[in-house]
Amino acid sequence: MKKHLYKIILVVLIIILAVVSFYMLWVHVPYYQYHHQLDEIRNEICETNQYEYMNYFTEHRGEKCYYILKVKINGVLSYVAYDRDKKLVDTYQGQIASEKNVKNAILKKYKKDLTAKDVDKLDIGYENNKFVYYVKVQKESQLIYIYYDLSDGTFLKAYKIGHGI
């Protein structure tokens, strides 16, 4: 009986090792490498251009991919968009619309389809040569992208992909 118990424990440990190894190699390591690469891109952009980083960086994937940063340029709060080649595409230094007002506008426009939980976080992106607020909402069988102008909070466009709403 001890011999069989030893084999069962050994098989269970081997299965656990295989699952952990699979997770590390196919999930954790690529995820870490991707975010490390984004950190390097952010740091390179800030160091090259002598920006004071203001704790906002995102990779916006629309028709094209842009890196969006919130920085201070000569003491002025700015949003900058860089393309994949780390070349400056656009800079925005004006007033931005209230995030709260944009959330309320989204909820009012889509009141029967979305809840406050669906739009709890707005991101900043770059679409159609403009800085935008955008929200991505994923429902059971649908994906919704909603875009509002960053400067004045006006509705720009929305995409619905899938079934439902």
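Remember, predicted model here, so these are calculated numbers, not experimental data. Numbering of residues starts from 1 in each chain and follows the order in which that chain's sequence is written. Whole-chain, interface and lining totals are the exception, using all residues; otherwise, since this is a predicted model, local features are given only for residues with pLDDT of at least 70 and side-chain atom pairs are given and counted only at 80 or more. Hydrogens and water molecules were not included; the side-chain quantities draw on all heavy atoms of the structure.

Engineer: What exactly am I supposed to notice about the packing of aromatic side chains here?
Structural biologist: By convention here, two paired aromatic rings are described through the distance between centres and the angle between planes. Two rings belonging to Phe, Tyr or Trp (six-membered ring only in the last case) form a pair when the distance between their centres is within 6.5 Å. Interplanar angles under 30 degrees mark stacking, angles over 60 mark edge-to-face geometry, and anything in between is tilted. For the structure on display, the rule yields eight aromatic pairs. Pairing tyrosine 148 with phenylalanine 155 gives two aromatic rings, centres 5.5 Å apart and planes at 75°, and the pair type is edge-to-face. Working definition: with a 1.4 Å probe on protein chains only, accessible area under 20% of the residue-type maximum means buried, over 50% means exposed, and in between means partly exposed. Tyrosine 148 sits in the buried class, given a relative accessible area of 3%. These aromatic residues form a ring-pair network of at least three members: Tyr66, Tyr92, Tyr126 and Phe131. A cation sits over an aromatic face here: lysine 109 above phenylalanine 155, 4.2 Å from the ring centre. We call a charge positioned over a ring when the NZ of a Lys or the CZ of an Arg lies within 6 Å of the ring centre and within 35 degrees of the ring normal. Of note, lysine 157 hangs over the ring of tyrosine 147, and the distance from its end group to the ring centre comes to 5.2 Å.

Engineer: What is the right way to read the pattern of salt bridges from this model?
Structural biologist: As a working rule, side chains carrying opposite charge can pair if their charged atoms are close by. What makes a salt bridge here is a side-chain nitrogen of Lys or Arg within 4 Å of a carboxyl oxygen of Asp or Glu, nothing more. The tally for this structure, following the rule as stated, stands at nine salt bridges. Across the pair arginine 84 and glutamate 59 runs a salt bridge, and its minimum N-O distance is 3.5 Å. Residue arginine 84 is located in the loop between strand S3 (76–82) and strand S4 (88–92), and its partner glutamate 59 is located in strand S1 (residues 52–61); the two are separated by 25 residues in the primary sequence. A relative accessible area of 45% places arginine 84 in the partly exposed class. Residue classification places glutamate 59 among the buried residues on the basis of a relative accessible area of 11%. Sharing partners across several salt bridges, the network here consists of Glu59, Arg61 and Arg84. Helix and strand definitions follow DSSP, with helices as H or I runs of at least four residues and strands as E runs of at least two, each counted in order from the N terminus.

Engineer: Please explain the pairing of strand S6 (residues 130–138) as it appears in this structure.
Structural biologist: The two faces of a sheet get side chains in turn, since along a regular strand they alternate between them. A pair of strands is labelled paired if DSSP reports no fewer than 2 bridges between them. Relative to S6, strand S5 (residues 123–127) runs antiparallel, the two being bridged by five bridges. Paired with glycine 125 across the bridge in S6 is valine 132. Linking S5 back to S6 in an antiparallel pair, the connection comprises two residues, with asparagine 128 at a positive phi of about 50°. Here S6 pairs with strand S7 (residues 142–149) via seven bridges, running antiparallel. If you follow valine 132 over to S7, its bridge partner there is aspartate 149. Turn length for the S6-S7 hairpin, with the two strands adjacent in sequence and antiparallel, is three residues.

Just distances and angles here, no functional claims.
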